[in-house]
Amino acid sequence: MTQPSATTAARILDGKAIALEIQNEIRDEVAALVEQTGKRPKLAAVLVGDYPASQVYVRNKEMACKRVGMTSELIRLSAATTTEELEQLIERLNTDEETSGILVQLPLPKHIDAQRILDAIDWRKDVDAFHPYNVGLLSQGRPQFLPCTPYGVIQILYRSQIKTAGKKVCIIGRSDIVGKPLASMLVQRSSPIGPDWANATVTLAHSQTPNLAAVTSDADILIAAIGQPEFVKAEMVRPGATVIDVGINRLGERLVGDVDFESVKEVAGAITPVPGGVGPLTVTMLLNNTLIAARLKNGG
Ligand code: NAD
């Protein structure tokens, strides 16, 4: 008789497969909307300068639009563009009948006032959900758009049947793009998926959190969004916990997350890889928001 081994490696949560599943659903919904309204959802992506990672992200977003039957327009501007020029472009896109959603790829060159630009986007076309109006709706628990990466994290948990209700969730990282909105979503009484994927007890840890390992190792679900390669080690993780790695970092030739995957997978119950974890979901939820924006334009 074979003995069970003392440690069992974690279940790998395949973000790529989950993203494809959701994209197939979106493609069907886009086809139905086109049939009903005669109008195809369109994403306008604005890219300022030539930051290499942004080129890749924007290309991925364009290809994803194509896969689900949406149109996209990439507007490339030189790094010398001024805040005023960019603001004028946003105003044009805000009133453009064809454009359902507007995305300004971050980071913007340092001389541009990024907050002013994000604030200029019509909240009904704000598919990144960064506009203060959308942030406010989210914090009140009645969101119109959900920010892409946080919603992607919740979709991974949902489609892997890992509920958050009643669980202790620790998020490391308090950015406006990932950590804060994710915390805001998880503490609500419900989510678009239902109450089982909300109602968590959330700890939002950050660079000033003392004794971080004690905080993280108390969590049933640990989410890392820090931007530090392989920062989360096995001893920071409770045995059997679910670990979601949002980080994307370049380590020499390799792309790695914020979690030391090789050691953590030996203690975790489930874990997302990098690449192939949260990343594909971010693009997918952007498509979902573009579909929502197109519906809003057509009267909901
Ligand atoms: P950010 O730099 O805006 O914020 C990082 C946060 O981590 C800060 O709040 C900081 O307090 C915290 N932090 C930094 N060092 C820490 C430490 N030693 N201990 C505890 N907390 C610490 O980053 P961001 O925009 O939220 O991105 C985080 C990571 O996620 C990056 O690697 C980024 O590339 C990645 N990211 C991935 C996706 C995706 O689609 N998968 C999307 C957005 C961001």
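Anything mentioned here points back to the structure above.
Residues numbered from 1 in each chain as written. Predicted model: local features only at pLDDT ≥ 70, side-chain atom pairs only at ≥ 80, totals over all residues. Heavy atoms only, no water.

A few points about the sheet that holds strand E11 (residues 270-271)
Line of reasoning, step 1. Within the open sheet, the 6 strands sit side by side as E1-E11-E8-E7-E5-E6. Their pairing is parallel. Each of the sheet's edge strands pairs with one partner strand only, and the pair in question is strand E1 (11-12) and strand E6 (201-205). (Pairing = 2+ DSSP bridges. Helix = DSSP H or I, 4+ residues; strand = E, 2+ residues; numbered from the N terminus.)

A word on the nonpolar core
Line of reasoning, step 1. Among the nonpolar cores identified, the biggest contains 53 residues, and Ile26, Met70, Val153, Leu186, Ile223 and Ile244 are the most heavily contacted of them.
Line of reasoning, step 2. Of all elements in the fold, only helix H1 (15-37), strand E2 (42-48), helix H2 (52-67), helix H6 (148-159), strand E5 (168-172), helix H7 (179-186), strand E7 (221-224) and helix H10 (278-297) reach the threshold of two or more residues within this core.
Line of reasoning, step 3. When residues are assigned to domains, this core turns out to be shared by domain 1 (40-122) and domain 2 (147-278), each giving three or more.
Line of reasoning, step 4. The residues touching valine 153, leaving out its near neighbours within four places in the chain, are Leu182, Ile223, Ile244, Val246 and Val278. (Core = buried A, V, L, I, M, F, W, Y, C linked by side-chain atoms within 4.5 Å. Buried < 20%, exposed > 50% of the residue type's maximum accessible area, 1.4 Å probe, protein only. Domains from an automatic or database assignment. Contact = heavy atoms within 4.5 Å.)

Considerations on the site of the ligand
Line of reasoning, step 1. In the vicinity of the ligand, 22 residues are found, and the nearest of them are Arg174, Ser175, Val246, Ile248 and Thr282.
Line of reasoning, step 2. A distance of 2.5 Å is found between an oxygen atom of the ligand and a side-chain nitrogen or oxygen belonging to serine 175.
Line of reasoning, step 3. In the model, an oxygen atom of the ligand is placed 3.4 Å from a nitrogen or oxygen of the asparagine 249 side chain.
Line of reasoning, step 4. Relative to its free-state accessible area of 850 Å², the ligand is covered by the protein chains to the extent of 72%.
Line of reasoning, step 5. Considering each element in turn, the shell around the ligand owes the most residues, 3 residues, to H10.
Line of reasoning, step 6. Looking at the shell around the ligand residue by residue, the class counts come to 9 nonpolar, 11 polar and 2 charged. (Near = heavy atom within 4 Å. Polar contact = N/O pair within 3.5 Å; in protein donor to acceptor, adjacent residues only side chain to side chain. Areas by Shrake-Rupley, 256 points an atom, 1.4 Å probe, with all protein chains shown as cover. Nonpolar A, V, L, I, M, F, W, Y, C, P; charged D, E, K, R; others polar.)

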